[in-house]
Every structure is written in C-alpha cells, then in structure tokens.
Amino acid sequence: MSTPTPSPQGPGGGPNPLLVGGVSFAAVFVLIVGGALGYVGLTGGESTDPPTSSASASSTPESTSASPTEEERCWSPMDYQRTSTNPSGRLRGGGLEIVPPTVFDGRGSSNYASFLNDDTTASAVVEGNWASMITVGLVEWQPGVEYPGNEAASQRIFTCLYSNGAAWGDTSGRTMHDQLTEAVTVAGMPGYRTTGELRFGQDDLELTDASRITVVVLESPQGPSVFLSEVAVGVTEHEDAAREAYDSITGVSG
C-alpha cells in the first residue's frame, strides 16, 4: 500500500486520510464487490482483479443506494464517528487497543475497509507511494441486516479488502493464496482470524510483490471489534512489527 500523507488529528484522534494501495485515503474509494462469503479454508490462485467494465469504473459506494433490507456485500457506514481517544503510546479503536510499532508512524483512518467505524490506522512506508498498515476499530454491520457472527464478519471484511481493486493501485494479476479462517482467543477475548497472501502478477514495486492480510474480529468488552493489518511481504521490519502489534492487543473495558 502507499505512503501516508501526514496531517494532524483532531481531538480524540479523529479520522485523517492515508494513501493506501496507490489511492489517497482522502478519496472516496469505490468498493469493488468480490469474493464469496462462508468459511474459507486453504485456497489459492483465485483472481482478485476488479471487473474491467465501464460500469465498474464509474460506480459509487453501494451504501448510498441500497435500502436497509437490501444486503450489500461490502457496506460501510456513511455516518463515520471517531468516538475513542488514543491513550498515550497506544492506539484505540472500538473495544481494542494496541501498541503501535515505532516504524508505523503514519496516522489516519481506514476508510478503504468495509464494516468499520471508530477506527484508527498506523502506517509505515515501504517505498515510493506504497505502505504497510495496521488498524483497530469497531465492527459495524449494515442496519436492517442481521449480524452474521464474528467468524463470517472476519471473512467478509477480509474479502472486501482484497477484492477492492481501487485499494491496490497499479498492481494487476492479483491472486489470493493460503486463505485461512481459524478460531482464536486474544487477551481473553474469543474471536476469529482470517489470513491470506495477496500476490501481484504485475507491479512496479522493488521491495515486495505481495501483501499479507490479517483480519481478526474479537468479542471485546465494547462489542465485536477488529484488528486488521496489511503488510508488505518481504519487508522484514514491517512483518515483525505487525506481529508485535498483534501480540500487544488488549480489550477496552470502559
């Protein structure tokens, strides 16, 4: 993903744009609908390139047109609210907190990811306009649609992220490998973790040709909350830092 454009946050660590996947966080990302929901075991070779039709290129976020009873594959809240405040030396989103690694010094919000609210993102430059990122936030489901549970939520957020062609810039020939969903317990909170490696068939990057995506939905004291990371494969410093951030997860009790 791409280099963040630093900008000061407002009170309480409010949302600010990052550049991710070659497209500015300040832009309203087109959510490319893709992937299939359901428990996903090990998979490989699944193409994730967005459709090439003109309708796909000019579409607007589905959340502006569907009624509450029409389920959207990749819904995002239109009334984003940053209600959490980051404690000193930590990032807080929804019911989760992490210690942001030193190398992840960019700050913003993850408006490229679906079903998130009250989120905050830390990013680290890989090269040029590409960056790795780590996010914590609240899981918010589409009004009028029954929440499918934490397992399905982790899979849906994961699928919507990797199938969002606008988030991956000029890369093409993208395929998902080793996708896996498993039950986890983190800091006493049960949940589900979905992971996989998104490989780029063609790109102009020198340090990486793939991204490792991790989506963990946990039953926090504040309700379902997510830890999400997208890290450049082969950039050891970022890979190690993302594992440290995951190990630092704690729940927010109040």
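Just so it is clear, the model here is predicted, and its values are computed rather than measured.

K.L.:
Please clarify how the nonpolar core should be interpreted in this entry.
P.N.:
As a rule of thumb, soluble globular proteins bury nonpolar side chains together. With 31 residues, the main nonpolar core has I157, W168, I213, V215 and L228 as its most contacted residues. The set of elements that each furnish at least two residues to this core consists of β7 (116-127), β8 (130-139), α2 (150-162), β11 (210-220) and β12 (223-232). Here this core takes six residues from α2, the largest share from any one element. Apart from the residues lying within four places of it in its own chain, the contact partners of L228 are Y112, A113, M133, I134, T135, I157, L161, T214 and V215.

K.L.:
Just to check I follow, could you spell out unusual backbone geometry for this structure?
P.N.:
Leaving glycine out, the prevailing phi sign among residues is negative, and the prevailing peptide bond configuration is trans. With a phi angle near 50°, D118 is a residue other than glycine that sits in the positive phi range. Summarising the element assignment, D118 is placed in strand β7.

K.L.:
Teacher, can you tell me more about helix α3 (residues 236-247) here?
P.N.:
Three or four residues apart is the spacing at which side chains of an α-helix point the same way, because the helix has 3.6 residues per turn. Taking 1.5 Å of rise per residue, the 12 residues of α3 would be expected to cover 16 Å, and the 17 Å separating its terminal C-alpha atoms lies within 8% of that figure. All of the buried residues in α3 are H238, A241, A242, A245 and Y246. Buried residues of α3 fall within an arc of 140° about the axis and therefore sit on the same side. Opposite the packed face of α3, turned more than 90 degrees from it, sit the exposed residues E237, E244 and D247.

K.L.:
Would you take a moment to explain the state of the cysteines for this structure?
P.N.:
In protein structure, a disulfide is the covalent linkage between the sulfur atoms of two cysteines. This model, assessed by the stated rule, comprises one disulfide. The disulfide bridge from C74 ends at C160, spanning 2.1 Å between sulfur atoms. Residues C74 and C160 are joined through a disulfide that is left-handed, its torsion about the S-S bond being -90°. Within this pair, whereas C74 is found in the loop between α1 (54-57) and β4 (91-93), its partner C160 is found in helix α2, the two being separated by 86 residues in sequence. C74 sits in the buried class, given a relative accessible area of 3%.

K.L.:
Hey, could you run me through the sheet that holds strand β5 (residues 96-98) in this one?
P.N.:
The strands making up a sheet associate through hydrogen bonds between their backbones, and the pairing can be parallel or antiparallel. Ordered in space as β4-β5-β13, the three strands form an open sheet in which the pairing is antiparallel. A strand with exactly one partner marks an edge of an open sheet, and here the two such strands are β4 and β13 (250-251). With three bridges joining them, β4 and β5 adopt antiparallel strand pairing. The residue of β5 that forms the bridge with G93 is L96.

K.L.:
Would you mind going over the environment of E151 with me for this structure?
P.N.:
Along the chain, the position of E151 falls in helix α2. For E151 and V217, which are 66 residues apart along the polypeptide, the C-alpha to C-alpha distance reads 7.4 Å.

K.L.:
Quick question: what am I supposed to make of the layout of surface pockets here?
P.N.:
Where empty space is left can be seen by rolling a probe of water-molecule size over the atoms. Its boundaries defined by the atoms lining it, the second largest pocket holds a volume of some 230 Å³. Elements that contribute at least two residues to the lining of the second largest pocket include exactly β11, β12 and α3. With five residues, α3 is the single largest residue contributor to the lining of the second largest pocket. Residue composition of the lining of the second largest pocket, by class: five nonpolar, three polar and four charged.

K.L.:
Got a minute to help me understand the packing of aromatic side chains in this structure?
P.N.:
Centre distance and the angle of the planes are the two values used to describe a pair of aromatic rings. Enumeration according to the criterion identifies eight aromatic pairs in this entry. Relative to F200, the ring of W130 lies with its centre 5.8 Å away and its plane at 80°, an arrangement referred to as edge-to-face. Placement of W130 in strand β8 and of F200 in the loop between β10 (189-199) and β11 is noted, with a sequence separation of 70 residues between them. The class for W130 is buried, based on a relative accessible area of 3%. Aromatic ring contacts, followed pair by pair, group W75, F115, W141 and Y147 into a single cluster.

K.L.:
Quick question: what am I supposed to make of the pairing of β12 here?
P.N.:
Each regular strand displays side chains that alternate between the two surfaces of the sheet. Among the 10 residues in β12, 10 count as buried, and that is most of the element. Sheet analysis places β8 next to β12, joined by six bridges and oriented antiparallel. Residue pairing in the sheet places L138 in a bridge with S225 of β12. The sheet contact formed by β11 and β12 spans 10 bridges and is antiparallel. Directly across from L218, in β12, lies its bridge partner S225. Connecting the antiparallel pair β11 and β12 is a turn made up of two residues.

The rules behind these values
- Residues numbered from 1 in each chain as written.
- Predicted model: local features only at pLDDT ≥ 70, side-chain atom pairs only at ≥ 80, totals over all residues.
- Heavy atoms only, no water.
- Core = buried A, V, L, I, M, F, W, Y, C linked by side-chain atoms within 4.5 Å.
- Buried < 20%, exposed > 50% of the residue type's maximum accessible area, 1.4 Å probe, protein only.
- Helix = DSSP H or I, 4+ residues; strand = E, 2+ residues; numbered from the N terminus.
- Contact = heavy atoms within 4.5 Å.
- Expected span 1.5 Å × (residues − 1).
- Arc of directions from axis to C-beta.
- Disulfide = S-S within 2.5 Å.
- Pairing = 2+ DSSP bridges.
- 1 Å grid on protein atoms, 1.4 Å probe; cavity = no way out; pocket = protein on both sides within 12 Å on 5 of 7 lines; lining within 4 Å.
- Points joined across faces, edges and corners; volume = space filled by probe spheres on them.
- Nonpolar A, V, L, I, M, F, W, Y, C, P; charged D, E, K, R; others polar.
- Phe/Tyr/Trp six-rings, centres within 6.5 Å; stacked < 30°, edge-to-face > 60°.

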